[in-house]
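Breakdown of the fold
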Amino acid sequence: MRRRLRNLSAAMVAALVVAGCGRGDESRPRPSAQPATSAPAAVEPAPTTPAEEPAPPPTTTLPASTVPRAARVQPAPAQPAAASCPAVPSRVEPRPDRPAYQLRVDVRPGEGLVGGRQSVRFTPDLATDRVVFRLWANAPRIVNAGGGIEVFTEDDVPVERPDPTTLVVKKPVAAGQTVTIGLVWNLTLPTGVSNDRISRSGDTVRLGSFFPVLAWHPGLGWATEPATAGFAEASLSLPADFDVTLTIPQGLEVLATGVSDRPGHWVASGVPDWAVSVGDFKLATGTADGGGGSRVAVTVGVDRQVGDAPGPYLEKSIAVLADFSRRFGPYPWPSYSLAITPRLSGGIEYPMHVMQGPGTLGRTTSHEVAHMWFYGLVATNQGAHPWIDEGLATYAEARYEKALEELKAKPVPAEGRGRAGEPMTFWESRPAAYYRSVYVQGAQAVAALGPPDLVDCALRQLVARQAYRIAGPGEVLGALTTVFPDAGSVLARYGIHG
Ligand SMILES: [Zn+2]
């Protein structure tokens, strides 16, 4: 068969007109943690922001939208939470119809390029007339720093490019039918400071959200939420299997999602993305108690351009992994790696692999480990419902750091108060309110459910029921309600609806 490469994006980067995406966390509240770029960023409000409490609670336990107005002021009978943690069911297995990626990635820092070839096996649960990939490497923060991706199809199949971060392959697929899509791509690494998931500093390279990813939400269809220009993400995380062959220059080392079963080859199963950090690392290794009798191989690498020592990051990662494995259920994978690389403020989570910048040992380390459960295991549509992974990770961070009361007392800006459940499109024009309104307020909403040990229990219920799946607010509320029957009305006070 003749192979034809179709250039999909020759003029795309120049024609960039919409916001792009990045997965990032503004989990360090100090001003020094704020992104140092011209793009709008999610930042903490100034310490002088007047204290403001979340909206007062309604007194009904019914969804507000279904209750006659007069009824909302009537007291409702109390629905006490369970006195002790109900039995947690066995964790669900990954979906058998999850996608499988085969990736070949050739990292060439000296040329500022990464070459890629991939085939993706995809089985939709609903009929569709297209296969949609998102190209987050064309997010504004990456493009503004000089990066971007060009993608070619391996087959002669019609394609559309509705915007720079969306590639539509016009290929009908029946429900339950399996198709394999081949793509070839060239990624240009940023030449400037991206302060984001795709970057190059000398030979040190961060590659996250860098290859075309399927945007399928089982039961719903394609996720086409617009990208964001902030230090945030608008991506859908779809658990999949990965088989990756990676080529890097001699003398450099790799930390990545998955397990390396032979030199240059990595595998991972039931993970919502694949990411890698390449650099000249000072390494520290250890083992964490992952719960349920499992042992987790933990590796921390600090790039030699960074002055931090790896030891403290290793000790903290091991302690947090063990703590969250007890609170939320066993860590599901055999390894966890953390790369400290230059020119990054805060942290960026990927499954089994986290990227952090210099000086981020404190709350960032615990926050990113929390994302292994809330994003990594319980995957989400982060464009539609950013409160789920960020609010729950911020709650977990506060639990580990013993900062729950401090978290509950933090003021939320007026423009975000009672709106924790809004999508990224709402926050795009309110970047200064994003962190407090979504991260902090989302965590406050969960903390308001009841005693912290029971909240941990409710999150353990959520992880057991929604592991390896994309959970929306309805699934989250359904799980929380097993412990807190009034969870719907409590979260509604904060603007979160199932
Ligand atoms: Zn986060």
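Higher on the page you've got the structure.
Since the structure is predicted, the reported quantities are computational estimates derived from the model, not experimental observations. (Residues numbered from 1 in each chain as written. Predicted model: local features only at pLDDT ≥ 70, side-chain atom pairs only at ≥ 80, totals over all residues. Heavy atoms only, no water.)

**Some thoughts on the sheet that holds strand S22 (residues 347–350)**
This is how the line gets drawn: In this description, strands pair whenever DSSP reports at least two bridges between them. Each helix is a run of H or I in the DSSP string that is no shorter than four residues. Each strand is a run of E no shorter than two, and both are numbered from the N terminus. Think of each axis as a best-fit line through the C-alpha atoms, taken over the contacting stretch in the case of a helix, with angles from 0 to 180 degrees between the N-to-C directions. What makes two residues a contact is simply this: any of their non-hydrogen atoms within 4.5 Å.
On the basis of which strands lie adjacent, the open sheet formed by five strands has the order S19-S20-S21-S23-S22 and mixed pairing. On the outer flanks of this sheet lie strand S19 (281–291) and S22, each paired with one strand and no other. On average, each strand axis in the sheet is tilted by 15° relative to the strand beside it, whichever way the strands run. Relative to strand S23 (residues 353–356), strand S21 (residues 335–340) runs parallel, the two sharing four bridges. Counted as the bridge partner of Ile-340 is Gln-356 from S23. Each of S19, strand S20 (294–303), S21 and S23 touches helix H2 (residues 310–328); the most contacted strand, S19, lies at about 15° to it.

**Details of the layout of surface pockets**
Rule in force here: Points on a 1 Å grid over protein atoms alone make up a cavity when a 1.4 Å probe fits among them but cannot get out, and a pocket when they form an open set with protein on both sides within 12 Å along at least five of seven lines; lining residues each have an atom within 4 Å of a point. Grid points are joined across faces, edges and corners, and a volume is the space filled by probe spheres set on the points. Ten residue types, Ala, Val, Leu, Ile, Met, Phe, Trp, Tyr, Cys and Pro, are classed as nonpolar, four, Asp, Glu, Lys and Arg, as charged, and the remainder, Gly among them, as polar.
Quantified by volume, the largest pocket comes out at close to 320 Å³. The wall of the largest pocket is formed by 24 residues, among which Arg-95, His-217, Pro-218, Arg-469 and Ile-470 lie closest to the centre. Counting residues per element, the ones that place at least two in the lining of the largest pocket are strand S12 (216–217), strand S25 (469–470) and helix H9 (473–480). Class assignment of the residues belonging to the lining of the largest pocket gives a composition of 12 nonpolar, six polar and six charged.

**Side note on the pattern of salt bridges**
To keep it simple, the criterion reads: A side-chain nitrogen of Lys or Arg and a carboxyl oxygen of Asp or Glu constitute a salt bridge if their distance falls within 4 Å. Note on exposure labels: buried denotes an accessible area under 20% of the residue type's maximum, exposed denotes more than 50%, and partly exposed covers the range between, all computed with a 1.4 Å probe on protein chains only.
In the structure shown here, the tally under the stated rule is 20 salt bridges. A salt bridge links Arg-399 to Asp-456, with the nearest nitrogen and oxygen atoms 2.7 Å apart. Of this pair, Arg-399 sits in helix H4 (residues 386–400) while Asp-456 sits in helix H8 (residues 452–466), and the two are 57 residues apart along the sequence. A single burial state applies to Arg-399 and to Asp-456, both of which are buried. Each of Asp-323, Arg-326, Arg-327, Arg-399, Asp-453 and Asp-456 takes part in one network of salt bridges that share partners.

**So, H8**
This is how it is decided: By this rule, a helix spans an expected 1.5 Å times one less than how many residues it contains.
The end-to-end C-alpha distance of H8, which contains 15 residues, comes to 21 Å, matching closely the 21 Å that a straight helix rising 1.5 Å per residue would cover. Most of H8 is tucked away: 11 of the 15 residues are buried. Taken together, the buried positions of H8 are Leu-454, Val-455, Asp-456, Cys-457, Ala-458, Leu-459, Gln-461, Leu-462, Val-463, Ala-464 and Gln-466. The secondary structure elements touched by the buried residues of H8 are H2, strand S24 (378–379), H4, helix H7 (431–447), S25 and H9.

**Regarding the side chain of Asp-308**
Note the cut-off: Only four residue types enter the tally: Lys and Arg on the positive side, Asp and Glu on the negative side, with His and both chain ends excluded.
Its location among the elements puts Asp-308 in the loop between S20 and H2. Within the buried core, Asp-308 has no salt-bridge partner, and the shortest N-O distance to an opposite charge, that of Lys-282, equals 7.2 Å. Setting aside residues up to four positions removed in sequence, Asp-308 forms contacts with Lys-282, Val-302, Tyr-313, Pro-358, Gly-359 and Thr-360.

**Here we look at the packing of aromatic side chains**
The criterion, for reference: Working definition: a ring pair exists when centres of Phe, Tyr or Trp rings (six-membered ring for Trp) sit within 6.5 Å. Plane angles under 30 degrees give stacked, over 60 give edge-to-face, the rest tilted. Any Lys NZ or Arg CZ that is within 6 Å of a ring centre and within 35 degrees of that ring's normal is treated as a charge sitting over the ring.
Tallying each qualifying case throughout the model produces 20 aromatic pairs. Ring centres 6.3 Å apart and planes at 55° place the aromatic pair Phe-210 and Trp-274 in the tilted group. Here the residue Phe-210 occupies a position in the loop between strand S10 (204–207) and strand S11 (213–214), and Trp-274 occupies one in the loop between strand S17 (265–271) and strand S18 (276–279), the gap between them amounting to 64 residues. Take Phe-210: its relative accessible area is 1%, and that puts it in the buried class. Linked through ring pairs, Phe-324, Phe-328, Tyr-331, Trp-333, Tyr-336, Trp-373, Phe-374 and Tyr-400 together constitute an aromatic cluster. A cation sits over an aromatic face here: Arg-430 above Phe-426, 3.7 Å from the ring centre.

**Considering unusual backbone geometry**
A positive phi angle, near 45°, is found at Asn-195, a position not held by glycine. Tracing the chain through its elements places Asn-195 in the loop between strand S8 (179–188) and strand S9 (198–201). Residues other than glycine seldom take positive phi values, yet Ser-209 does so here, at roughly 50°. Turning to its location among the elements, Ser-209 is positioned in the loop between S10 and S11. Under the relative-accessibility criterion, Ser-209 is labelled buried at 4%.

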